[in-house]
Amino acid sequence: MQVLDDIWSTIKGNAKTRIKDPIAGTFIVSWCFCNWDKLALLFWGKGDLEKRINALVESMSVLSNPSLLKQDLDLLVIPTVLTIGYLFILPWASLWVKEKQKKTAVLQHSHAVDLDIEHTKKQWELNKERLRANPEKDFLAQDVTLDIQKEKDRVERRNRIRDYIDKKVKAATAIADKAKADAEAEQISLEKKRLELEEKQRKATKEKQRYEEQSAIHNATMASHRFPAVFYFMDLLSNSLKEDGVALTASGLASCIAAVFGYEIADDLINDKDFNNENLSKLKYIILDNDLAKKLDDICELENSENEDLSSDLIFDHTQMLFERLPFKLVSEDTLAEEISERVNEDSYDLLMGDELSGPMAETDTIFDEIELSVDVYNFNTSFDVKLSGYASGSHRRESDVPGRDITVSVEAKCQPVMGYFGLQDYELTVNGAPRDYD
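Here's a quick rundown of the structure. (Residues numbered from 1 in each chain as written. Predicted model: local features only at pLDDT ≥ 70, side-chain atom pairs only at ≥ 80, totals over all residues. Heavy atoms only, no water.)

With that settled, the discussion passes to a negative patch on the surface. On the surface, a cluster of negative charge is made up of D114, D116, E118 and E125. With respect to the helices and strands, the residue D114 is situated in helix α7 (residues 102–132). You can call D114 partly exposed: its relative accessible area is 46%. (Patch = residues over 30% accessible without salt bridge, like charges linked within 9 Å, V, L, I, M, F, W, Y side chains within 5 Å. Areas by Shrake-Rupley, 256 points an atom, 1.4 Å probe, with all protein chains shown as cover. Salt bridge = Lys/Arg side-chain N within 4 Å of Asp/Glu carboxyl O. Lys, Arg positive; Asp, Glu negative; His and termini not counted. Charge placed at Lys NZ, Arg CZ, Asp CG, Glu CD. Helix = DSSP H or I, 4+ residues; strand = E, 2+ residues; numbered from the N terminus. Buried < 20%, exposed > 50% of the residue type's maximum accessible area, 1.4 Å probe, protein only.)

This part is about the nonpolar core. Counting 63 residues, the largest nonpolar core has F233, F261, F275, I286, F323, I340 and F384 as the members making the most contacts within it. Setting aside its immediate chain neighbours within four residues, F275 contacts A229, V230, F233, I257, F261, Y263, L269, M419 and G420. (Core = buried A, V, L, I, M, F, W, Y, C linked by side-chain atoms within 4.5 Å. Contact = heavy atoms within 4.5 Å.)

With twelve residues, helix α13 (residues 292–303) extends 17 Å between its outermost C-alpha atoms, agreeing within 8% with the 16 Å of an ideal straight helix rising 1.5 Å per residue. Regarding α13, the residues found buried are L292, L296, I299, C300 and E303. The buried residues of α13 all sit within an arc of 105° when viewed along its axis, so they share a single face. Counted as exposed and oriented over 90 degrees from the buried face of α13: K294, E301 and L302. In this structure, the buried residues of α13 make contact with α10 (250–261) and α14 (312–324). (Expected span 1.5 Å × (residues − 1). Arc of directions from axis to C-beta.)

Considering all chains together, one arrives at nine salt bridges under this definition. With its nearest N and O atoms 3.3 Å apart, the salt bridge here joins D182 to K178. Placement of the pair is D182 and K178 together in helix α8 (residues 139–224), with a separation of four residues, close to one helical turn. Judged by relative accessible area, D182 falls into the partly exposed class, the value being 41%. Accessibility expressed as a relative area gives 55% for K178, which makes it exposed. K414 is the salt-bridge partner of D385, the closest N and O atoms lying 3.0 Å from each other. Here K414 lies in strand β5 (residues 407–415) and D385 lies in strand β4 (residues 384–396), a separation of 29 residues in the sequence.

Our focus in this paragraph is the state of the cysteines. If you walk through the whole model with that rule in mind, you get zero disulfides. C256 takes part in no disulfide bond, and the closest cysteine sulfur, belonging to C300, lies 7.0 Å away. What makes C256 buried here is its relative accessible area of 1%. (Disulfide = S-S within 2.5 Å.)

Looking now at α14. Across its 13 residues, α14 extends 18 Å between first and last C-alpha, which sits within 8% of the 18 Å expected from 1.5 Å per residue. Taken together, the buried positions of α14 are occupied by S312, L314, I315, H318, T319, L322 and F323. Taken down its axis, α14 places every buried residue within 160° of arc, on the same side. Relative to its buried face, α14 has exposed residues pointing more than 90 degrees away, namely D313 and E324. Summarising the contacts, the buried residues of α14 are in contact with α9 (229–242), α10, β1 (283–287), α13 and β2 (329–331).

By the definition in use, this model includes eight aromatic pairs. Members of the aromatic cluster, each reached through a chain of ring pairs, are Y378, F380, F384, Y421 and F422. (Phe/Tyr/Trp six-rings, centres within 6.5 Å; stacked < 30°, edge-to-face > 60°.)

Right, let's talk about a nonpolar patch on the surface for a bit. A surface patch of nonpolar side chains, about 390 Å² in accessible area, is lined by I161, Y164, I165 and V169. With respect to the helices and strands, I161 occurs in helix α8. By relative accessible area, I161 is classed as partly exposed at 46%.

Right, let's talk about the packing of α10 against α13 for a bit. Taken N-terminus to C-terminus, the directions of α10 and α13 make an angle of 175°; their axes are 10 Å apart at the nearest point. Classified by the angle between their axes, α10 and α13 sit roughly antiparallel to one another. Residues G252, S255, C256, A259 and V260 of α10 touch α13, and the partners they reach there are L292, K295, L296, I299 and E303. Residue composition of the contact of α10 with α13, grouped by class: six nonpolar, two polar and two charged. (Axes fitted to C-alpha atoms, helices over the stretch in contact; angles between N-to-C directions. Parallel < 35°, antiparallel > 145°, perpendicular 65-115°, else oblique. Nonpolar A, V, L, I, M, F, W, Y, C, P; charged D, E, K, R; others polar.)

Next up on the list: the environment of G390. Here G390 lies in strand β4. Note on G390: relative accessible area 10%, which makes it buried. Here the alpha-carbon distance between G390 and I407, two residues 17 residues apart in the chain, equals 8.6 Å. Here G390 is in contact with E372, L373, I407, T408 and V409, once residues within four sequence places are set aside.

Before going further, it helps to examine the pairing of β5. Burial of β5 is one-sided: the residues I407, V409, V411, A413 and C415 facing one way are buried, the residues T408, S410, E412 and K414 facing the other way are not. Where β4 lies against β5, nine bridges are found, and the strand directions are antiparallel. Counted as the bridge partner of S389 is S410 from β5. As paired elements, β5 and strand β8 (residues 428–435) share eight bridges and run antiparallel to each other. Opposite V409, over in β8, you have G433 as the bridge partner. (Pairing = 2+ DSSP bridges.)

This paragraph deals with the sheet that holds β2. The strand order β2-β1-β7-β6 describes an open sheet built from four strands, whose pairing is mixed. With one partner strand each, in any of the chains shown, β2 and β6 (417–419) form the two edges of the open sheet. Adjacent strand axes in the sheet meet at a mean angle of 40°, parallel and antiparallel pairs treated alike. Inspection of the sheet shows β1 paired to β2 by three bridges, in the parallel sense. Bridge pairing in β2 links I287 to V331. Across the sheet, helix α15 (residues 333–346) lies against β1, β2 and β7 (423–425), angled at about 145° from β1, the strand it touches most.

Contact geometry of α9 with α14 gives a least axis separation of 10 Å together with a crossing angle of 120°. As the angle between them shows, α9 and α14 are arranged oblique. As for how α9 packs across α14, the hand of that crossing is right-handed. Contacts between α9 and α14 involve F233, L236, L237, S240 and L241 from the first element and H318, T319, M321, L322 and F323 from the second. The residue makeup of the contact of α9 with α14, split by class, is seven nonpolar, three polar and no charged. (Left-handed = near helix turned anticlockwise from the far one by under 90°.)

Here it is as structure tokens:
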């Protein structure tokens, strides 16, 4: 009997070893899974056991009938594929899934750890409260005393830290306020000096321009005292044309001057009582007529009999050169609008000092130092009108580094005719302003 037990133990041990082997065990399980129907017929089929065994052997006799490998894939092919997939592919798939679940697993573990910590803390507090609730424990009074002392120490320490921080903040604030006040005072002083210097330069420039203009006007007026204003211009144009060897009749010269100033015919110019030396001193601009070239062509046709080289371009060039030497400017409407805009912007400081903007400026509590204006529209009908608009800006009256409230400024410049239709005097300004509204 002992021999049989040894033999059985040997067979049982070898079977366990084979089954535990990863390849053999996996293949056996796969084969059984694929051929369960054959095994079921072997153990529970109908007929004698010998017949069932013969049927099973016949269905699995690969050596005698190799075609069974192709006809019945469950014998070797499918179990082999399942074995390879289980041993080589499934571990990688399992590893990929575990890698994707790693973050969730870590979070679950962290949550479990946090939950254990909270449970432990609550248990500690519960144990402490139970001990405190026991009147027979002597250490309760000491524990309460220690808690009260800890609370006092914590409050005192917090108060000391707060007092220290308050002192540091006050000291730093005082230093910053003093530095800010000094900087503001210095900034205000520098700004005041800059404005005074700019104002002096502006006044000096304006005085120089005014002197030059008055001097030129005076010289022109003194020269024209010998003739009425119309003959003064005729004489200047005649002398200019003579430099190119061209001579016009008195009628042609008068017609040219009349065309420049917007008269229909020369007689209208000569008979105009306003075309005189007094108004000549007021003259500032002459607008170029769009039909001037056509009018000069008509004059040239009447004068060409004695002047073969005469042309409207020649007369126009000499007319331009004539006014370049005079204190009057021959300009187009666009040029005049642009010049008025430039002059108004240059004199914008005078607008700030004027009474028209004093009311709106007082409402804003702002020190204004500049105005930016641009042309909105201009037109020439009975007078040449230019409308400009923009904003005046500056700094706050009490805090120079803070921008103040702007005011909306609208300016209308009007040039009235003084000699003919196109001879205009200098502009007069109408200024309006209001605090700017911000949406």
